[in-house]
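Structure at a glance
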Amino acid sequence: MKGFLHQHFDYNFYCNKKLIEQCASMDQVPEKCIKLFSHILNAHHVWNHRIVGKQIEFDVWQKHEVENWQDIHYENQRTSFEIITNADDFAKRIDYENSEGRTFGNELKDILFHIVNHSTHHRGQILMDFRLAGIEPESLDYILYKR
């Protein structure tokens, strides 16, 4: 399980880094991209903090300046790798309160997989928005990454 999750978080890190680099090189980043990528960063932060029991610092739809994305992304990744590396039970139930105040519980492995899957979902939306704006997006397919 650790190997599987480390590989997927490596892929997630790679894709987010490529997207950050592409956006940092633009004169003007599309507003939808800023909203969605900030959301990716915020959700990752929120899930990490729920897992480790720390105070959540970001709202899920809080926008961040492009120049701050790399630092937030790096901290998210570092925390997730620490969680994975130190985990001894991926079936451990994590109880948390969602952004609407409802209480839920999920297994650690499912939350960690959700972080990567959630990021992939929103990166796809960002890449589609790029195409609609006439911007050629980076290819972020998993199989291309693995090659």
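Below: a short report on this structure. These figures come from a predicted structure and were not determined experimentally.

The next thing to look at is the overall build of the chain. Broken down by element type, the chain carries five helices and two strands. Starting at the N terminus and ending at the C terminus, the chain contains elements arranged as α-α-α-β-β-α-α. Its C-alpha radius of gyration of 15 Å places the chain within 12% of the 15 Å reference for a compact globule of 147 residues. Out of the 147 residues in the chain, the part that is buried amounts to 46%. Pairs at least 24 apart in sequence give 69% of the contacts found in the chain among residues at least 6 apart. As displayed, the chain has an accessible area near 8400 Å², and 48% of this comes from carbon and sulfur atoms. Side-chain charges of the chain comprise 17 positive and 22 negative groups, with the mean position of each set lying 5 Å from the other.

In terms of nonpolar packing, the biggest core is built from 21 residues, with C23, V29, C33, F37, W69, I126 and F130 touching the most fellow members. Mapped onto this core, the elements with two or more residues apiece are α1 (2-24), α2 (31-52), α3 (66-86) and α4 (108-132). With six residues, the top contributor of residues to this core is α2. Apart from residues no more than four positions distant in its own chain, F130 is found in contact with L19, Q22, C23, M26, P30, C33, I135 and P137.

What counts and how
Residue numbers run consecutively from 1 along every chain, following the written order of its sequence. Since the coordinates come from a predicted model, pLDDT governs what is reported: local features require at least 70, and pairs of side-chain atoms require 80 or more to be given and counted, while whole-chain, interface and lining totals use all residues. Each side-chain value is worked out from all heavy atoms of the structure, with water and hydrogens disregarded. Each helix is a run of DSSP H or I of at least 4 residues and each strand a run of E of at least 2, with the numbering of both proceeding from the N terminus. The atom set for the radius of gyration is the C-alpha atoms, and the globule formula is 2.2 Å times the number of residues raised to the power 0.38. Partly exposed residues are those whose accessible area sits between 20% and 50% of the maximum for their type, while under 20% is buried and over 50% is exposed, using a 1.4 Å probe and protein chains only. When checking whether two residues touch, look at their non-hydrogen atoms; a contact exists if any pair is within 4.5 Å. Here the open area of atoms and residues is found with the Shrake-Rupley method and a 1.4 Å probe, where only the protein chains shown may cover a residue. Charge assignment: positive for Lys and Arg, negative for Asp and Glu; neither His nor the chain ends contribute. By convention, the charge on Lys lies at NZ, on Arg at CZ, on Asp at CG and on Glu at CD. In this description, a nonpolar core means a group of buried Ala, Val, Leu, Ile, Met, Phe, Trp, Tyr and Cys residues linked to one another through side-chain atoms lying within 4.5 Å.

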